[in-house]
Amino acid sequence: MIDQIRAMIWKEWKEVLLQRDRSGTDRLLRTTVAVIVFAILVWRVGMAFVDRPSLLLMPAFILVFCVIAVVADSFAGERERHTLETLLASRISDDAILFGKIASAVLLVWGLMFLMLIAGLIEVNLMRSADGILIFPVHRVISTLAFAFLACLFISCVGVFVSLHTSTVRQATQVLNIGFMVLGFAALYASISLPQEWRTRLAQAFTTDNLMRTEFSAGILIFIIDLVCLAAARLTFRRHKWNLV
Amino acid sequence: MHETVIRTRALTRHFKTLRAVGGLSIEVPRGTIFGFLGPNGSGKTTTIRMLLGILAPTSGQAEVLGFDVGRDSYEIRRRCGALLEHPGVYERLSAEDNLEFYGRVAGLPISDRRERIKQVLQSLGLWDRRTDAAGRWSRGMKQKLAVARAILHRPEVIFLDEPTSGLDPVAAAGLREELAALVQREGITVFLTTHNLSEAEKLCSKVAVIHNGKLLAQGTPNEIRATTGSKAASLEDAFLTLVTAEQHQ
């Protein structure tokens, strides 16, 4: 099955990265705009990009939308382009299709985030060359990458689930964008609506002394949620039980 | 005596209240081109989907190469190739990459894979355009690429769902010739659905006629003509007689 998952990732990446239905100029323009926006953001926050923990997650917010764009296409795109039925008629297993699609989105976007962190670090160092070489605190980089990975996995699992049940990529993208925006606003509203005592406790959990313990607990919680989402997607995607085409 | 590679017994599929296929019992001998004939919406594609294990039957049984479509569908898909309703090619990828992906999925070793891709593309006259994005190709070329994909892993049986549909007469005739040559060369059993009766008459050694999900007749083209009880001049006349009689019942 590993070989089939690798084949699936290879195909997905090739379709995303070597899209031949858009002109080279168009792709170059989009990439240039994204690079310029990110460079301006890093320039504006300066040193804080390296030493303030929360700002390390800045690229993650940009990449959430990248995960949604990739993962919305997973099944809805294949259905729209009439390639899903042929894929299902091949010997590839259900799990290889599902895990291959999730893994390709997670690894692609997680890899991009890693590159953005490196690019941001280089930019900050170039701006502050007089202060010597600046690097991220190691535990901060590890926790940032771990959280980004878990978040990408969560969005991918939910995205695949939505993509399985929608007939077009546009529909899947809309459902995911609106869904995650509602989720974000709900979390924000819930956090400001908490009683003062709870908010104080929450603030204490994020102080330097308690941060690692809080991160570890949150990481375990997100990991369990990811496993539940993965299991739900796996139960949903059984080619002979559903009329998936 | 011929070995039977596809056998169905009272195979039935309902979609809510609609009966797409009802009580279908057919037998397909090894090494033949079997024509599965019927008008649009008669249940041909649904039957292929059930035989490939991508759609569960409501009732009845079906075996392909001795494997049950419910229990052993993975083994069936491992040994069969398919060109379904749409060519199903990845249009952003090149022809070579399309075959590379399905070759990897089929577990062909890298050296054999490269050799086999070259062989099938050359045999279908696509080798010179192998690096083009498949999306830039004509419908006929995409159909040929889909045939190349279907036979890439040397299957014992291939399912072709209206392979010449939407092609101009010249491209359709070309693809028919390629198919006949491929069957001779590779010794594959072909399950071919079509509503093009002249195509079936040219290619198939055995046919079955289906209408509204119900099997009307099966046998050699000559036997089908005989079952209608008329001195029908062609398979098309026999087919129309069968379908019209069924509509009046």
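Residues numbered from 1 in each chain as written. Chains lettered and ligands numbered in written order. Predicted model: local features only at pLDDT ≥ 70, side-chain atom pairs only at ≥ 80, totals over all residues. Heavy atoms only, no water.

Some points on the overall build of chain A
Counted only if it meets this: Going along the chain from the N terminus, every DSSP run of H or I of four or more residues is numbered as a helix, and every run of E of two or more is numbered as a strand. The cut-offs for exposure are 20% and 50% of the maximum accessible area for each residue type, with area from a 1.4 Å probe on protein chains only; residues under the lower value are buried, those over the upper are exposed, and the others partly exposed. We call two residues in contact whenever any of their non-hydrogen atoms come within 4.5 Å of each other. Where accessible areas are quoted, they stem from the Shrake-Rupley method and a 1.4 Å probe; at the residue level, only the protein chains shown are allowed to cover.
If you tally the helices and strands in chain A, you get 10 helices and zero strands. Here chain A holds 245 residues, and the buried ones make up 41% of them. Of the contacts made within chain A by residues no fewer than 6 positions apart, 80% connect residues no fewer than 24 positions apart. Of the roughly 13,600 Å² that chain A leaves accessible, carbon and sulfur atoms contribute 71%.

Concerning unusual backbone geometry
Residues and elements named next belong to chain B. If you check the backbone angles, A10 has positive phi at about 50° while not being a glycine. Within the fold, A10 resides in strand β1 (residues 4-15). The phi angle at R154 is positive, at roughly 55°, despite the residue not being glycine. When you line up the elements, R154 lands in the loop between α5 (139-151) and β8 (157-161).

Comments concerning the interface of chain B and chain A
How big an interface is tends to be stated in terms of accessible area lost as the parts join. In plain terms, the rule: Throughout, buried area stands for the accessible area (probe radius 1.4 Å) lost by two parts on being put together, summed over both. Salt bridge, as used here: a side-chain nitrogen of Lys or Arg that lies within 4 Å of a carboxyl oxygen of Asp or Glu. Polar contacts, as counted here, are pairs of nitrogen or oxygen atoms within 3.5 Å of one another; within protein the pair requires one atom able to donate a hydrogen and one able to accept it, and residues that are adjacent in sequence qualify only if both atoms are side-chain atoms. Note on residue classes: Ala, Val, Leu, Ile, Met, Phe, Trp, Tyr, Cys and Pro are nonpolar, Asp, Glu, Lys and Arg are charged, and everything else, Gly too, is polar.
Every contact between the two is made by 30 residues of chain B and, on the other side, 29 residues of chain A. Taken together, both faces of the contact between chain B and chain A bury some 3,100 Å²; the carbon and sulfur share is 58%. Where chain B packs against chain A, one counts two salt bridges. E85 of chain A is the partner of R49 of chain B in a salt bridge, and the nearest nitrogen-oxygen pair spans 2.4 Å. Between the two partners, chain B and chain A, sit nine residue pairs in polar contact (both at pLDDT 80 or more). Of all the secondary structure elements, the ones that give two or more residues to the side of chain B that touches chain A are α2 (73-79) and α3 (95-105) of chain B. Take the side of chain B that touches chain A: its biggest share by element is six residues, from α3 of chain B. When its residues are assigned to classes, the side of chain B that touches chain A shows 17 nonpolar, five polar and eight charged.

Comments concerning the environment of A238 of chain B
All names here are of chain B. Turning to its location among the elements, A238 is positioned in helix α9 (residues 235-248). For A238, a relative accessible area of 0% puts it in the buried group. A C-alpha to C-alpha distance of 23 Å links A238 and A172, two positions 66 residues apart in sequence.

Here we look at the sheet that holds strand β4 (residues 33-37) of chain B
All names here are of chain B. Just so we agree on the cut-off: Here, strands pair whenever DSSP counts at least two bridges between them. Only C-alpha atoms enter the line fits that serve as axes; for helices the fit covers just the stretch in contact. Angles between N-to-C directions range over 0 to 180 degrees.
The strand order β7-β8-β9-β4-β10-β11 describes an open sheet built from six strands, whose pairing is mixed. Looking at the sheet topology across the chains shown, the edges are occupied by β7 (80-83) and β11 (214-219). Neighbouring strand axes in the sheet, compared pairwise and without regard to direction, differ in orientation by 15° on average. Here β4 runs beside strand β9 (residues 189-194); their pairing, made up of five bridges, is parallel. Looking at β9, one finds that F36 is bridged to T193.

Remarks on the nonpolar core
Rule in force here: For the purposes of this section, nonpolar cores are sets of buried Ala, Val, Leu, Ile, Met, Phe, Trp, Tyr and Cys residues that join through side-chain atoms within 4.5 Å.
Grouped together as the largest cluster of nonpolar side chains are 85 residues, with contacts concentrated most on I6, L52, V64, F159 and F191 of chain B. Ranked by the residues each element gives to this core, the list is headed by helix α6 (residues 94-127) of chain A, at 13 residues. Setting aside residues no more than four positions away along its own chain, L52 of chain B makes contact with A89 of chain A together with S73, R77, C80, A82, L84 and F159 of chain B. The next biggest cluster of nonpolar side chains, apart from the first, holds 48 residues, and it includes L37, L167, L197 and A200 of chain B.

Points about a nonpolar patch on the surface
Residue and element names in this part refer to chain A. The line we're drawing: A patch is a set of surface residues, each over 30% in relative accessible area and not in a salt bridge, joined within 9 Å for like charges and within 5 Å for the nonpolar side chains Val, Leu, Ile, Met, Phe, Trp and Tyr.
A cluster of nonpolar residues, I178, M181, V182, F185 and L188, forms a patch on the protein surface that exposes about 530 Å² of accessible area. Position of F185 among the secondary structure elements: in helix α8 (residues 169-193). By relative accessible area, F185 is classed as exposed at 56%.

Comments concerning the confidence of the model for chain A
Let me state the cut-off plainly: Values of pLDDT, the confidence the predictor places in each residue, fall between 0 and 100.
Across chain A, the average pLDDT comes to 82, with 86% of residues at or above 70. In the model of chain A, helix α2 (residues 24-45) of chain A stands out as the element of lowest mean pLDDT, 74, in contrast to helix α5 (residues 84-88) of chain A, which has the highest, 91.

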